[in-house]
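# Examination of the molecular architecture
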Amino acid sequence: MPPSYSGWFYDEKIIIFFRSVLEKKSFRKDDIQLKEFRTIDRDETFMKKMLILLSVLVVLAYIAPLGVRELFSPDETRYGEIGREMRVLNDWVVPHLNGVHYFEKPVMGYWFFAAAQEVFGENAFAVRFPCMLMTLVSAAALFFFSRRFSAGGTREAFLTVFTFLLMPLVFGLATTSTLDPIFSSFLTLGMILFYCAVHSAGWKKAGYLFACGLAFGAAFLTKGFLAIVLPGISIFAYLLWSKRFKEMFLLPWIPLAGFLLITLPWAWAIHRAAPDFWPYFVYDEHIKRFLEKEQHPEPFYYFIPVLLGGLGYLLFYLPTAIQGFRKTVFKEDFFRYNFCWIVLPFLFLSASTGKLPTYILPCFAPLAVLLAAGFYKAFIEEKKVSAFNLATRIFGGAVLLAAVVLAVIQLSNPEWALYNKAESWKWVAVLLAAVVLAVFLAFASNEEKVWEKLAYLCIAMIPVLFLYHFIVPERIEARKTVCSLVDRVKPRVGPEVKLIAYRHPFHGVCWGFRSENVYLYRFGGELTRGLGFMKREDRILDIEKTNEFILENRNKGGVLLILPNKVYGEDKGKLPKPRWVESNTKDRKGYTAVFF
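Residues numbered from 1 in each chain as written. Predicted model: local features only at pLDDT ≥ 70, side-chain atom pairs only at ≥ 80, totals over all residues. Heavy atoms only, no water.

### Here we look at the overall build of the protein chain
Regarding its fold elements, the protein chain presents 26 helices and eight strands. Overall size of the protein chain, expressed as C-alpha extent along the three principal axes, is 105 × 60 × 45 Å. For the protein chain, the residues scored as buried account for 54% of the 596 residues in total. For the protein chain, the share of sequence-separated contacts (at least 6 apart) that also reach a separation of at least 24 residues comes to 75%. For the protein chain, the exposed surface amounts to about 27000 Å²; the carbon and sulfur share of it is 64%. (Helix = DSSP H or I, 4+ residues; strand = E, 2+ residues; numbered from the N terminus. Buried < 20%, exposed > 50% of the residue type's maximum accessible area, 1.4 Å probe, protein only. Contact = heavy atoms within 4.5 Å. Areas by Shrake-Rupley, 256 points an atom, 1.4 Å probe, with all protein chains shown as cover.)

### Here's the deal with the side chain of Thr-176
Here Thr-176 shows up in the loop between α7 (168-174) and α8 (180-198). Every residue in contact with Thr-176, bar those within four places of it in the chain, is listed here: Glu-76, Arg-128 and Cys-131.

### Some remarks on the layout of surface pockets
The calculated volume of the second largest pocket comes to roughly 760 Å³. Contributing to the lining of the second largest pocket are 31 residues, with Tyr-419, Val-430, Val-464, Tyr-468 and Ile-471 lying nearest its centre. Those elements giving two or more residues to the lining of the second largest pocket turn out to be α3 (75-89), α18 (386-412), α19 (424-446), α20 (450-468) and α21 (474-480). If one sorts the elements of the lining of the second largest pocket by residue count, α18 sits on top with six residues. Residues belonging to the lining of the second largest pocket are distributed by class as follows: 24 nonpolar, three polar and four charged. (1 Å grid on protein atoms, 1.4 Å probe; cavity = no way out; pocket = protein on both sides within 12 Å on 5 of 7 lines; lining within 4 Å. Points joined across faces, edges and corners; volume = space filled by probe spheres on them. Nonpolar A, V, L, I, M, F, W, Y, C, P; charged D, E, K, R; others polar.)

### Thoughts on the confidence of the model for the protein chain
Residue-level pLDDT values for the protein chain average 88, and 91% of them are 70 or greater. Predicted confidence for residues 1-39 stays below pLDDT 50, and this span has 25 contacts to residues more than four positions away or in other chains. (pLDDT = per-residue confidence, 0-100.)

### Quick word on the sheet that holds strand β3 (residues 498-501)
Spatial strand order, β5-β4-β3-β6-β8-β7: six strands in an open sheet with mixed pairing. Strands with a single pairing partner mark the edges of an open sheet, and in this sheet they are β5 (540-541) and β7 (580-583). In terms of strand pairing, β7 meets strand β8 (residues 591-595) through four bridges, oriented antiparallel. Bridging from a neighbouring strand, Ser-583 pairs with Thr-592 of β8. Sitting on the sheet, helix α23 (residues 506-513) touches β3, β4 (519-521) and β6 (559-564), and the angle it makes with β3 is about 150 degrees. (Pairing = 2+ DSSP bridges. Axes fitted to C-alpha atoms, helices over the stretch in contact; angles between N-to-C directions.)

### Some thoughts on the side chain of Ser-515
Inspection of the secondary structure puts Ser-515 in the loop between α23 and β4. By relative accessible area, which is 14% here, Ser-515 ends up buried. Within the structure, Ser-515 has its side chain in polar contact with the backbone nitrogen of Asn-517 (distance 3.1 Å). Every residue in contact with Ser-515, bar those within four places of it in the chain, is listed here: Glu-81, Arg-84, Glu-85, Asn-98, Leu-499 and Cys-510. (Polar contact = N/O pair within 3.5 Å; in protein donor to acceptor, adjacent residues only side chain to side chain.)

### Considering the pattern of salt bridges
The tally for this structure, following the rule as stated, stands at 18 salt bridges. Glu-247 is paired through a salt bridge with Lys-205; the nearest N and O atoms lie 3.8 Å apart. With Glu-247 in helix α11 (residues 245-250) and Lys-205 in helix α9 (residues 202-223), this pair connects stretches of sequence that are 42 residues apart. Pair check on accessibility: Glu-247 and Lys-205 agree, each one buried. Put simply, Asp-538 and Arg-536 hold a salt bridge, and the shortest N to O gap is 3.2 Å. Given the relative accessible area of 31%, Arg-536 is considered partly exposed. One network of salt bridges, with partners in common, ties together Lys-205, Arg-244, Glu-247, Asp-333 and Arg-336. (Salt bridge = Lys/Arg side-chain N within 4 Å of Asp/Glu carboxyl O.)

### With respect to a negative patch on the surface
On the surface, Asp-542, Glu-544, Glu-548 and Glu-552 cluster together into a patch of negative charge. If you trace the backbone, Glu-552 turns up in helix α25 (residues 543-553). (Patch = residues over 30% accessible without salt bridge, like charges linked within 9 Å, V, L, I, M, F, W, Y side chains within 5 Å. Lys, Arg positive; Asp, Glu negative; His and termini not counted. Charge placed at Lys NZ, Arg CZ, Asp CG, Glu CD.)

### Looking at helix α17 (residues 364-381)
Given a rise of 1.5 Å per residue, 18 residues ought to cover 26 Å, and the 24 Å separating the end C-alpha atoms of α17 matches this to within 8%. Judged by how many residues are buried, α17 sits mostly within the fold: 16 of 18 residues are covered. Of the residues flanking the end of α17, it is Lys-383, one or two places downstream, whose phi is positive at about 55 degrees. (Expected span 1.5 Å × (residues − 1).)

Quick look at the structure:
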């Protein structure tokens, strides 16, 4: 007897089975039916195992430890503070930072950060939650995308999801507060919906196209015109490659309706509330940034090492994946689409003068699809496991070697050691995680069953990703966040104290003190234009004005100045004598709080 099943599928198969027997059909067909039952049983068991493993990965690496680390400056404290001020000022149209109009990006991402704080409170977990959530949305979209269009169906879809979530750059940005995971997720949804539309007809096609426009519109409201350019050049190249010339002129109109529906209300509202937004946003944040070497100038090849670094340990397995998909990527329509989705945005972003590593995150979703397709063809279909075994052993050896080097450095305790003596538990934990990783990699290389090999590899990475949240060295925290210093001095500072901060830690000062009125020491930085819009240049204090400000407020509660150690070392002789000084580290790249 076949195994017990419930639901419509089981009933239909049972009827077919017994009808074939009663009608004395060939037992060969009955055997086929029984094989189908066994296949379904194996698929259900496989699904349960994969869902359990995926749940463990998501909970332990992405959700549970999300609020452990302090918020890093400038990005995390910036976006947390903008979301907080959106709620405090009750202005959901014009973004504010330190009480000043902030026009670098549109509003959608800030809505996410504000909503998360409304639900979870003003803490690190809430600030990072939108990025984590949208990364998981991307993973879910990739699952359904791969399951529908890839040759491997559900199994290849799971492989795509694990490949995506275990990419170091994807994981790092999913657990850090930036706009890029939100923007990338909307682009991923839009690209998938467009491909579904291309392979649909009638009202279903129109629905996919309209939803695609909504997704691209949401991406536009997150980071601006890249939401038009990146998918536009990818889709154009794909339609051209697949000789869908007629569709180049017919397909854009329905997405355009969805795009305008979601973007026009806020576009008009921001124009009425802050007429300076669109001229600044279009020219300074797009044309000027693309053409001029004013912000983050990098060479054309900059994103090549970023892409390789973003893959991390997957580079060990890259030759196997390439071997698997190289024969099909230019032949099958599904792979051509993903190929265009990777290459065209990568080339466009490389052509820009301003570059940051986070910019190429949208390329990693289709890259996960192609890598998973290569892994599936090489491992599952062609059973080529020798290259996987070799890569796994090399990876394990590299992990153990790195662990030995770390142990030697920490035991010899040079000044430049990653961890100080008080952090011994952190590097010991790293060594234990490295041993666990190496052990499971050994299991993976020795296992004969292919899916068990891949499962061992995933299990090996989970403790590493979980531990990442706890083992950031104090010297890096001291350089990247002012939040711990603010928490230490906050009990000694009354509500009447005036706050001044240098341009880099001011986001953390606003966040830590829950203040929208922090004066800026020496430079306006990214707020210069906003202060100009609002005629508040008086909030930028040079050294002379700072001295006057201190003398004016010294007997009215006092003044707290927070600035980098290096800057304080240069300027302390030019400032009045402080009442007390506290630093978060002796390192020149740490921060100092000075109370006058």
